[in-house]
Amino acid sequence: MVPKLRRLASLPPRTVGGGPCQDKVLMGDAVDLLSLPVLQCWPEDGGRFITLPLVFTHDPASGKRNVGMYRIQIFDRTTAGMHWQIHKVGAEHHRRAEERGQPIEVAVALGGDPAITFSAVAPLPPSIDEMLFAGFLRRKPVELVRCKTVDVLVPAAAEFVIEGRVDPGERRPEGPFGDH
């Protein structure tokens, strides 16, 4: 295991100055979540839900990154709902931010390297960073780029990124959602 652990430690993610996910940036009135190719899978679903979202959050106390996959429903041009599963790390980050009365910054990366998607859903110990694990799987570091409107790093090679905040105490009905 020592050689594998040594290789893991040698592949931390690295920050780069840009990438494909920022080739075209839409901000302000140009933002339109309804224009994204997001499916409504079942006729009775309550709306369109983003498929395979890589949700990046940070613990408001420690700053530790988490990448998870949570259900996201698009409500309108600029609003989507995040379904935090209560036992997941992203939900814990949101709870901690809420306790402080602060919004939590979130970035949702879509598309890109399957090793990153796998790392987001893998049952890793809390001490293992998903981007470090993805680098281990890829045998090369994941290149990350700083978001434009939130202080979050995302995979530079993602196809696109949705940036925003989840406000404390804000709730909306979600669904229904036909879960297979």
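Residues numbered from 1 in each chain as written. Predicted model: local features only at pLDDT ≥ 70, side-chain atom pairs only at ≥ 80, totals over all residues. Heavy atoms only, no water.

(A) Local environment of the environment of Gly 81. Tracing the backbone shows Gly 81 in strand 6 (residues 80–83). Judged by relative accessible area, Gly 81 falls into the buried class, the value being 18%. Taking the C-alpha atoms as reference points, Gly 81 and Thr 57, 24 residues apart in sequence, are found 15 Å from one another. When sequence neighbours within four positions are dropped, the list of residues in contact with Gly 81 reads Arg 71, Ile 72, Gln 73 and Phe 75. (Helix = DSSP H or I, 4+ residues; strand = E, 2+ residues; numbered from the N terminus. Buried < 20%, exposed > 50% of the residue type's maximum accessible area, 1.4 Å probe, protein only. Contact = heavy atoms within 4.5 Å.)

(B) Region of the structure containing the packing of aromatic side chains. According to the stated counting rule, one finds three aromatic pairs in the structure shown. Ring plane angle 20 degrees and centroid distance 6.4 Å describe the contact between Phe 133 and Phe 136, whose orientation is recorded as stacked. Of this pair, Phe 133 and Phe 136 both sit in helix 4 (residues 130–138), three residues apart, which is roughly one turn of the helix. Each member of the pair, Phe 133 as well as Phe 136, is classed as buried. Three or more aromatic residues joined by ring pairs make a cluster, and in this case those are Phe 118, Phe 133 and Phe 136. (Phe/Tyr/Trp six-rings, centres within 6.5 Å; stacked < 30°, edge-to-face > 60°.)

(C) Structural detail: the pattern of salt bridges. Tallying each qualifying case throughout the model produces 10 salt bridges. Its salt-bridge partner being Arg 95, residue Glu 92 comes within 2.7 Å of it at the nearest N-O pair. Remark: Arg 95 and Glu 92 occur in helix 2 (residues 89–99); sequence separation between them is three residues, near one turn of the helix. Relative accessible area serves as the criterion here: at 31%, Arg 95 is assigned to the partly exposed category. Shared partners join several salt bridges into a network, and the residues in it are Asp 59, Glu 92, Arg 95 and Arg 96. (Salt bridge = Lys/Arg side-chain N within 4 Å of Asp/Glu carboxyl O.)

(D) Fine view of the state of the cysteines. Taken as a whole and judged by the stated rule, the model has zero disulfides. With no disulfide of its own, Cys 147 lies 7.2 Å from the sulfur of Cys 21, the closest cysteine sulfur. (Disulfide = S-S within 2.5 Å.)

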